[in-house]
Amino acid sequence: MNTKKDAGMTNEAVLIQSVICSKKVKLIAHANTSLKRIKSANIQFVPELSSIQINGTLLKELIVIQGFIKGSIIVDGKRVKNTTLSFQEEVFCEGICPGDILKHTNPFLEGVLPPQVLPNEGHEGSNIVFKVILSIQATVIREKLGTISVTIMGDVNENRCKSSLNQTLVVSCDEEKEKDEDEHCYDQEIDTDFPCLDEDFKD
């Protein structure tokens, strides 16, 4: 490949992922759970981070992010119940459309709020509100076509458009023949270009 001969400036068409909007979004997951015969104040929610599910929907100039996180309710050091906390957040992003692409980072746990105990009047037990705060970076991308000026050094495969030729089958002289059948092949003067040609093919 002659790089000096092939080198030259040219405009190349490229696919560009243009960022339309990027924002940090806080996701407040919460659930209201009823627990019976709870007298202790030592109540906590332990989230299971691997259970987080996030789904995003793009509307005109609006990102809707929905999902949930699962976890365990612990009372006095003992797990008494499993529950799921859900979240939904709407984020305004100017210029975005439903046909754009939404990407987000892995969720980060900002914190777990202390459970909020609400007395359940007239009924046994209490209502408890659990909240977990997560955060992600949501980015909306739009694919566009563009051109850039580059220096072409040459084609990596200069033969990409050429058809491959059929290879010629080469048959070698069999040196395993019996001596009385091929003695003439070795006693006569050998043509170095075409050794051991059969006499029938000679002029």
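None of the values given here were measured: they were computed from a predicted structure. Residue positions within a chain follow its written sequence, with the count starting from 1. This being a predicted model, a pLDDT of at least 70 is required before a residue's local features are given, and a value of 80 or more before pairs of side-chain atoms are given or counted; all residues contribute to the totals for chains, interfaces and linings. The side-chain quantities take in all heavy atoms of the structure and omit both hydrogens and water.

A closer look at the overall build of the protein
Put simply, the rule reads: A run of DSSP states H or I qualifies as a helix once it reaches four residues; a run of E qualifies as a strand once it reaches two. Both are numbered from the N-terminal end. Whether a residue is buried, partly exposed or exposed follows from its accessible area with a 1.4 Å probe, protein chains only, as a fraction of its type maximum: under 20%, in between, or over 50%, in that order. When checking whether two residues touch, look at their non-hydrogen atoms; a contact exists if any pair is within 4.5 Å. Under the convention used here, a 1.4 Å probe and the Shrake-Rupley method define accessible areas, while residue burial counts only the protein chains that appear.
Looking only at helices and strands, one finds two helices and eight strands in the protein. For the protein, buried positions account for 23% of its 203 residues. When contacts within the protein are restricted to residue pairs at least 6 apart in sequence, long-range pairs at least 24 apart make up 76% of them. In the form shown here, the protein has an accessible surface area of approximately 15,200 Å², with 49% of it arising from carbon and sulfur atoms.

Description of the confidence of the model for the protein
Heads up, the condition is: Confidence of the predictor in every single residue is expressed as pLDDT, which spans 0 to 100.
On average, residues of the protein carry a pLDDT of 80, and 71% of them reach 70 or more. Looking at the elements of the protein, mean pLDDT is at its lowest for helix H1 (residues 3-6), recorded as 50, and at its highest for strand S5 (residues 101-104), recorded as 96. Scored below 50 in pLDDT, residues 199-203 makes three contacts in the model with residues more than four places away or belonging to other chains.

What about the nonpolar core?
Put simply, the rule reads: To qualify as a nonpolar core, a set must consist of buried Ala, Val, Leu, Ile, Met, Phe, Trp, Tyr and Cys residues joined through side-chain atoms within 4.5 Å.
Formed by 28 residues in total, the largest nonpolar core has its most connected members in Leu27, Ile63, Ile65 and Leu85. When residues of this core are traced back to their parent elements, those giving at least two are strand S1 (8-35), strand S2 (43-59), strand S3 (62-75), strand S4 (78-92) and strand S8 (126-152). The greatest single-element share of this core, amounting to seven residues, is contributed by S8.

Comments concerning the pairing of S4
Moving residue by residue along a regular strand, the side chains alternate between the two faces of the sheet. Where we set the bar: Two strands pair if DSSP finds at least two bridges between them.
Two elements, S3 and S4, share 14 bridges in a ladder whose sense is antiparallel. Across the sheet, Gly67 pairs through a bridge with Phe87, a residue of S4. Where S3 hands over to S4, the hairpin turn is made up of two residues, of which Asp76 adopts a positive phi near 55°.

Side note on the pattern of salt bridges
Put simply, the rule is: Salt bridges are identified by distance alone: a Lys or Arg side-chain nitrogen within 4 Å of an Asp or Glu carboxyl oxygen.
Applying the stated rule across the entire model yields three salt bridges. We note a salt bridge from Lys24 to Glu110, for which the minimum N-O separation is 3.7 Å. Placement of the pair is Lys24 in strand S1 and Glu110 in strand S6 (residues 108-112), with a sequence separation of 86 residues. Overall, Glu110 belongs to the partly exposed group, its relative accessible area being 34%. The network of salt bridges with shared partners includes Lys24, Lys26 and Glu110.

Things to note about the state of the cysteines
Selection rule: Any two cysteine sulfur atoms lying within 2.5 Å of each other are counted as a disulfide.
For the coordinates displayed, the defined rule picks out one disulfide. At a sulfur-sulfur separation of 2.0 Å, the disulfide partner of Cys21 is Cys93. Handedness here is read from the sign of the S-S torsion; for Cys21 and Cys93, about -45°, the answer is left-handed. Taken as a pair, Cys21 in strand S1 and Cys93 in the loop between S4 and S5 lie far apart in primary sequence, 72 residues in all. The exposure class of Cys93 is buried, given its relative accessible area of 1%.

Brief notes about the environment of Cys93
Along the primary structure Cys93 and Lys23 are separated by 70 residues, whereas in three dimensions their C-alpha atoms are 8.4 Å apart. Apart from the residues within four sequence positions on either side, Cys93 is in contact with Cys21, Lys23, Glu61, Leu62 and Ile63.

What about unusual backbone geometry?
With phi around 65°, Glu61 is a residue other than glycine that occupies positive phi space. Even without being a glycine, Asp76 presents a positive backbone phi close to 55°. Position of Asp76 among the secondary structure elements: in the loop between S3 and S4. Overall, the relative accessible area of 47% leaves Asp76 in the partly exposed class.

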